[in-house]
Amino acid sequence: MGKENNPRRVAENEAFAKTKMLRTSPQKLNLVAQLIRGKKVDKALSDLTFSHKRIAGDVKKCLQSAIANAENNHGLDVDNLVVAEAWVGKNLVMKRGRPRARGRFGKIMKPFSEITIKVRQVEEQA
């Protein structure tokens, strides 16, 4: 009698997580996303743990959320998960400024971005 369930947005062997309002530029966030694309999740987690990039901690939290979604919501095996896709998008940009010489105004852009991480369960090769 209630509403119908929403159809799944990903395949049966996939799960994803999204983090919004990350206070960094999409270009810098994409450098960290490239670091984990196509890797097994345990290797990706260790790479993010020892990365020197400031935003790597937030990306690690998003990856852990995707792993938890795969295990708890979709019943996937954590040991066989691979980071299938990781993509970055723009969010809002705060505009600030500083007074400059001769009455001018220097624009300072403070960009925000978002990241989506999709994990996929792969079958082990013999």
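Attention here is on the structure that accompanies the text. Since we're looking at a predicted model, the values are computed, not measured.

## Some points on the overall build of the protein chain
And then number 1: For the protein chain, the count of helices and strands is 3 helices and 3 strands.
And then number 2: Each helix and strand of the protein chain, ordered N terminal to C terminal, gives the series β-α-α-α-β-β.
And then number 3: If you line up the protein chain on its principal axes, its C-alpha atoms span 70 × 45 × 15 Å.
And then number 4: For the protein chain, buried positions account for 31% of its 126 residues.
And then number 5: Counted over contacts in the protein chain with a minimum sequence separation of 6, partners at least 24 positions apart contribute 69%.
And then number 6: A total accessible area of about 8800 Å² is found for the protein chain, and carbon and sulfur atoms account for 49% of it.
And then number 7: The positive charge centre, built from 26 side chains, and the negative charge centre, built from 13, are 22 Å apart in the protein chain.

## So, the sheet that holds strand S2 (residues 81–99)
And then number 1: The sheet built from 3 strands is open, its strands ordered S1-S3-S2 with antiparallel pairing. Either end of the sheet is taken by a strand with one partner, and the two such strands are strand S1 (14–22) and S2. On average, each strand axis in the sheet is inclined to that of its neighbour by 10°, with strand direction left out of account.
And then number 2: In terms of strand pairing, S2 meets strand S3 (residues 105–121) through 16 bridges, oriented antiparallel. Directly across from valine 93, in S3, lies its bridge partner proline 111.

The rules we used
- Residues numbered from 1 in each chain as written.
- Predicted model: local features only at pLDDT ≥ 70, side-chain atom pairs only at ≥ 80, totals over all residues.
- Heavy atoms only, no water.
- Helix = DSSP H or I, 4+ residues; strand = E, 2+ residues; numbered from the N terminus.
- Buried < 20%, exposed > 50% of the residue type's maximum accessible area, 1.4 Å probe, protein only.
- Contact = heavy atoms within 4.5 Å.
- Areas by Shrake-Rupley, 256 points an atom, 1.4 Å probe, with all protein chains shown as cover.
- Lys, Arg positive; Asp, Glu negative; His and termini not counted.
- Charge placed at Lys NZ, Arg CZ, Asp CG, Glu CD.
- Pairing = 2+ DSSP bridges.
- Axes fitted to C-alpha atoms, helices over the stretch in contact; angles between N-to-C directions.

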